[in-house]
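Below are the chains, spelled out letter by letter.
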Amino acid sequence: MNLPNKLTVSRFVLTAFFLWALFWPTPVPFRHTLALILFCGASFTDFLDGKIARSRNLITNFGILMDPLADKILICSAFVAFVESTHLHTDAPVKVAAWMVIIIVARELTITGLRLLAASKGVVLAAEKFGKHKTISQIVAIIALLVTDAKNEWWPWLQKIFEGWSPVFTEISLWLTVALTASSGLIYLWRNRGIYLSDV
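Quick notes on the rules
- Residues numbered from 1 in each chain as written.
- Predicted model: local features only at pLDDT ≥ 70, side-chain atom pairs only at ≥ 80, totals over all residues.
- Heavy atoms only, no water.
- Axes fitted to C-alpha atoms, helices over the stretch in contact; angles between N-to-C directions.
- Helix = DSSP H or I, 4+ residues; strand = E, 2+ residues; numbered from the N terminus.
- Left-handed = near helix turned anticlockwise from the far one by under 90°.
- Contact = heavy atoms within 4.5 Å.
- Nonpolar A, V, L, I, M, F, W, Y, C, P; charged D, E, K, R; others polar.
- pLDDT = per-residue confidence, 0-100.
- Expected span 1.5 Å × (residues − 1).
- Buried < 20%, exposed > 50% of the residue type's maximum accessible area, 1.4 Å probe, protein only.
- Polar contact = N/O pair within 3.5 Å; in protein donor to acceptor, adjacent residues only side chain to side chain.
- Salt bridge = Lys/Arg side-chain N within 4 Å of Asp/Glu carboxyl O.
- Phe/Tyr/Trp six-rings, centres within 6.5 Å; stacked < 30°, edge-to-face > 60°.

### Regarding the packing of helix α4 (residues 98–120) against helix α5 (residues 129–150)
Right, so step 1: Between α4 and α5, the shortest axis-to-axis distance is 13 Å and the interhelical angle comes to 140 degrees. Here the hand of the crossing between α4 and α5 comes out left-handed. Where α4 approaches α5, its residues Ile-104, Arg-107 and Glu-108 are matched on the opposing element by Gly-131, Lys-134 and Gln-138.
Right, so step 2: Looking at the contact of α4 with α5 residue by residue, the classes come out as one nonpolar, two polar and three charged.

Structure representation (structure tokens):
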């Protein structure tokens with residue numbers, strides 16, 4: 001197994017530890033800070049494995065399949081976890097509604113299905129700029145949500161830095177992510193409508 005594929009596999013492992021840090025029944029010291037570090041590490045492997053695979057010509061069928069799957073599991077797991085966290089902590093400064101996560105998960109499943117359909121017809125659908133912006137916005141929103149929760153575990157002076165603007169920034173990031181996720185999915189479906197409407 002080459003290095004990019006090892007990084008991809010590590011993202012699955014980091015996702016599991018990320019969820020463990022958030023929800024393990026026994027209190028884990030600095031659990032939200034740990035979850036933040038694990039998520040940032042997993043997100044960095046997403047950037048790193050693709051860059052290494054392209055620069056060293058190490059693109060494999062395993063990577064083509066597992067890399068986007070690892071991304072979707074990481075992102076969707078995080079958003080689903082926030083819905084559960086909102087349910088458990090009703091006083092959370094920023095609440096993630098279930099309908100928001102449904103839009104995010106539905107978009108990822110729909111586009112994955114479209115790519116599988118295209119692949120069955122011998123067509124490779126490349127990622128678009130809207131999709132890349134969507135992914136960045138999702139990562140930023142998740143990090144902002146984690147920072148909002150984790151800041152209470154930090155030193156008082158560091159808490160004050162984030163106290164004023166963190167919830168507002170997080171709320172804006174969350175709504176922007178939902179809007180970009182929905183719009184990018186609709187644009188992708190429209191531009192590639194010939195794939196699923198060719199035999200209607």
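### Describing the confidence of the model for the chain
Right, so step 1: Chain-level pLDDT for the chain is 87 on average; 96% of the residues reach the 70-or-more range.
Right, so step 2: Per-element confidence in the chain is highest for helix α1 (residues 3–23), whose mean pLDDT is 93, and lowest for helix α6 (residues 156–163), whose mean pLDDT is 68.

### Notes on α1
Right, so step 1: Taking 1.5 Å of rise per residue, the 21 residues of α1 would be expected to cover 30 Å, and the 30 Å separating its terminal C-alpha atoms lies within 8% of that figure.
Right, so step 2: Of the positions making up α1, those classed as buried are Pro-4, Asn-5, Leu-7, Thr-8, Arg-11, Thr-15, Phe-18, Ala-21 and Leu-22.
Right, so step 3: Where α1 is buried, its residues contact α2 (31–55), α3 (61–88) and α5.
Right, so step 4: With a side-chain oxygen lying 3.0 Å from the backbone nitrogen of Asn-5, the N-terminal cap of α1 falls on Asn-2.

### Some points on the pattern of salt bridges
Right, so step 1: Using the criterion set out here, one finds seven salt bridges in the structure.
Right, so step 2: Note that Arg-107 is salt-bridged to Glu-108, the shortest N-O span being 3.5 Å.
Right, so step 3: Accessibility expressed as a relative area gives 10% for Arg-107, which makes it buried.
Right, so step 4: By sharing partners, the salt bridges in this structure join Arg-11, Asp-46, Asp-49, Asp-67 and Asp-71 into a single network.

### A short note on the packing of aromatic side chains
Right, so step 1: Taken as a whole and assessed by the stated rule, the structure comprises five aromatic pairs.
Right, so step 2: Consider the rings of Phe-44 and Phe-47, whose centres lie 6.0 Å apart with planes at 35 degrees: the pair is tilted. Separated by three residues within a single helix, Phe-44 and Phe-47 lie in helix α2, roughly one turn from each other.
Right, so step 3: Take Phe-47: its relative accessible area is 47%, and that puts it in the partly exposed class.
Right, so step 4: Grouping aromatic residues by their ring pairs yields a cluster made of Phe-17, Trp-20 and Trp-24.

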